[in-house]
Amino acid sequence: MVTPSDMTDQERAAWLGIAATQELAHKTAADAGWYCDPKTGQAVQRNFGEVVALMHSELSEALEADRKGLNDDKLPHRDGREVEFADCIIRILDTAAALGLDVAGALIEKNRFNRQRADHKLESRANGGKKY
């Protein structure tokens, strides 16, 4: 597991920003009551499958915005794709925080790993490697 002391300056800055955004996303959701029963106010654990489906729906909305060339309906000065990507990332980070997951650290480690993957190299893809 990579720690901030093992990171480059750029990785550390990214990690700090992502970790802070994760905390903010979860606080926003918790403050809005997404982690309590609306009738009783009692704390609840959200259904993981349902939350993942909601993440997927944000990506579908991004695809629709791209297909139709739409700006966002709530932030009309913004491209619909970027707002739906943001919605998906917010949902992911909120859920990760609720589950105690370190998505920021995982992003840094996975990005490092991907830079070294043979099947991510141009020459491998040119010779029938990963097509998608």
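Residues numbered from 1 in each chain as written. Predicted model: local features only at pLDDT ≥ 70, side-chain atom pairs only at ≥ 80, totals over all residues. Heavy atoms only, no water.

Let's shift gears to the environment of Ala-96. Relative to the elements of secondary structure, Ala-96 occurs in helix α3 (residues 80-98). By relative accessible area, Ala-96 is classed as buried at 4%. Separated by 21 residues in the primary sequence, Ala-96 and Arg-117 have C-alpha atoms spaced 26 Å apart. Those residues in contact with Ala-96 that lie beyond four places of it in its chain are Gln-22, Leu-101 and Val-103. (Helix = DSSP H or I, 4+ residues; strand = E, 2+ residues; numbered from the N terminus. Buried < 20%, exposed > 50% of the residue type's maximum accessible area, 1.4 Å probe, protein only. Contact = heavy atoms within 4.5 Å.)

It is the contact of helix α1 (residues 9-31) with α3, at a shortest axis distance of 8 Å, that shows an interaxial angle of 85°. Classed by the angle they form, the pair α1 and α3 counts as roughly perpendicular. Here Ile-18, Thr-21, Gln-22, Ala-25, His-26 and Ala-29 of α1 lie close against α3, whose contacting residues are Ile-90, Leu-93, Asp-94, Ala-96, Ala-97 and Ala-98. Looking at the contact of α1 with α3 residue by residue, the class counts come to eight nonpolar, three polar and one charged. (Axes fitted to C-alpha atoms, helices over the stretch in contact; angles between N-to-C directions. Parallel < 35°, antiparallel > 145°, perpendicular 65-115°, else oblique. Nonpolar A, V, L, I, M, F, W, Y, C, P; charged D, E, K, R; others polar.)

By themselves, these observations are geometric and do not establish any function.
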